[in-house]
Amino acid sequence: MQVLEEESVADLIARLGVPPERIRLKPPPGTATEEDVLRVQPLCELVDGVLVERAMGWYESRLGALLIHYLEDFLELHDLGMVLGADGMMRVHPREVRIPDVAFYSWEQFPDRLLPSESILNAVPDLAVEILSPGNTKAEMQRKRREYFAGGARSVWTVEPEKRCVEVFTAPEQSFLIEETQELDGGEVLPGFTLSVAAWFARAGQRR
């Protein structure tokens, strides 16, 4: 989808659902490609042919790294699939590349466990985890959830560091909340996986 000449900056911001400081103007909005996603720094997602910088601070990265650690420990004993981190690019549909903070793929997606060679994975994860940063918006996260589920995701976790809770989505607009005093579990995607939210945040460390 190319940006029309008569589209205003306000229209572009509203359509993408992100603040203007995260929208790259080079290449011009509507003309960016997957090749542009692979070459730019910092990491960007591709949305409607527009490069959009990811919003992630160091503390969110810390939470994501710990979650990968917990998941990989579980997968050592229950070999259900593989985990990608915050630079694992995936094509959710043509001209749309997303990068969840953590992603779990079941081996069912890869017959004989043969992994593709391309830099952008042409598969949507069974579980996508988004760890919210101050730069993320409600509209942005709603759009991401719709794309993940449309592509075949079975669950999306939205982690809110400030509130120390996790919202577990089973559909784009269907969710339940896991508070800090509760345990997060893998449901049908990762049967048997459990994680104390309090222990997760305690391990991550307290921010001032």
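Residues numbered from 1 in each chain as written. Predicted model: local features only at pLDDT ≥ 70, side-chain atom pairs only at ≥ 80, totals over all residues. Heavy atoms only, no water.

Student: What am I meant to see in the overall build of the protein here?
Tutor: A tally of helices and strands in the protein yields five helices and 12 strands. A compact globule built from 208 residues would reach a C-alpha radius of gyration of about 17 Å, and the protein, at 17 Å, matches this within 12%. By its C-alpha atoms, the protein is 55 × 45 × 30 Å across when sized along the principal axes. The proportion of buried residues among the 208 residues of the protein is 50%. Relative to all contacts within the protein whose residues are 6 or more apart in sequence, the contacts with residues 24 or more apart total 57%. Surface exposure of the protein reaches about 10600 Å², of which carbon and sulfur atoms provide 53%. Taken together, the 22 basic and 35 acidic charged side chains of the protein have centroids lying 5 Å from each other. (Helix = DSSP H or I, 4+ residues; strand = E, 2+ residues; numbered from the N terminus. Rg over C-alpha atoms; globule rule 2.2 N^0.38 Å. Buried < 20%, exposed > 50% of the residue type's maximum accessible area, 1.4 Å probe, protein only. Contact = heavy atoms within 4.5 Å. Areas by Shrake-Rupley, 256 points an atom, 1.4 Å probe, with all protein chains shown as cover. Lys, Arg positive; Asp, Glu negative; His and termini not counted. Charge placed at Lys NZ, Arg CZ, Asp CG, Glu CD.)

Student: In this structure, what is going on with unusual backbone geometry? I would like to understand it.
Tutor: Apart from glycine, the bulk of residues carry a negative phi angle, and the bulk of peptide bonds sit in the trans form. For the bond running from Lys26 to Pro27, omega is -5 degrees, close enough to zero to count as cis. Examined against the element boundaries, Pro27 turns out to sit in the loop between α1 (9–16) and α2 (34–39). Across the junction of Gln41 and Pro42, the peptide omega takes the value 0 degrees, indicating a cis bond. Its location among the elements puts Pro42 in the loop between α2 and β1 (44–47). One non-glycine residue, Asp48, adopts positive backbone phi at about 55 degrees. Residue position: Asp48 is located in the loop between β1 and β2 (50–53). Look at Asp112: it is not a glycine, yet its phi comes out positive at around 60 degrees. Residue Asp112 is classed as exposed on the basis of its relative accessible area of 71%.

Student: In this structure, what is going on with the environment of Thr194? I would like to understand it.
Tutor: Counting through the fold element by element, Thr194 comes out in strand β12 (residues 190–196). Each C-alpha atom of the pair Thr194 and Val40 lies 37 Å from the other, and the pair is 154 residues apart in sequence.

Student: For this particular structure, what's the right way to read empty space enclosed by the protein?
Tutor: Gaps left between atoms are located by rolling a probe of water-molecule size over the structure's atoms. What the rule picks out here adds up to one cavity of 30 Å³ or more. Approximately 50 Å³ is the volume attributed to the largest cavity. Every residue along the wall of the largest cavity is listed here: Arg22, Glu45, Arg54, Ala55, Asp101, Glu130, Asn136, Glu140 and Lys144. Residues belonging to the lining of the largest cavity are distributed by class as follows: one nonpolar, one polar and seven charged. (1 Å grid on protein atoms, 1.4 Å probe; cavity = no way out; pocket = protein on both sides within 12 Å on 5 of 7 lines; lining within 4 Å. Points joined across faces, edges and corners; volume = space filled by probe spheres on them. Nonpolar A, V, L, I, M, F, W, Y, C, P; charged D, E, K, R; others polar.)

Student: Got a minute to help me understand the pattern of salt bridges in this structure?
Tutor: Per the stated rule, a full pass over the model turns up 20 salt bridges. Glu34 serves as the salt-bridge partner of Arg91, at 2.6 Å between the closest nitrogen and oxygen. Placement of Arg91 in strand β4 (residues 90–93) and of Glu34 in helix α2 is noted, with a sequence separation of 57 residues between them. The pair Arg91 / Glu34 is uniform in exposure class, with both members buried. Counted as one network, the salt bridges with shared partners bring together Arg15, Glu45, Asp48, Glu96, Arg98, Glu130, Arg143, Lys144 and Glu147. (Salt bridge = Lys/Arg side-chain N within 4 Å of Asp/Glu carboxyl O.)

Student: Before we go on, may I ask you to explain the layout of surface pockets in this structure?
Tutor: Its volume calculated, the largest pocket comes out at about 220 Å³. Ser155, Val168, Gly186, Gly187 and Glu188 are the residues nearest the centre of the largest pocket, which is lined by 14 residues in total. Put simply, the parts of the chain that give the lining of the largest pocket at least two residues each are β8 (155–160), β9 (165–171), β10 (174–178) and β11 (183–186). Ranked by the residues each element gives to the lining of the largest pocket, the list is headed by β11, at three residues. Residue classes in the lining of the largest pocket are distributed as six nonpolar, four polar and four charged.

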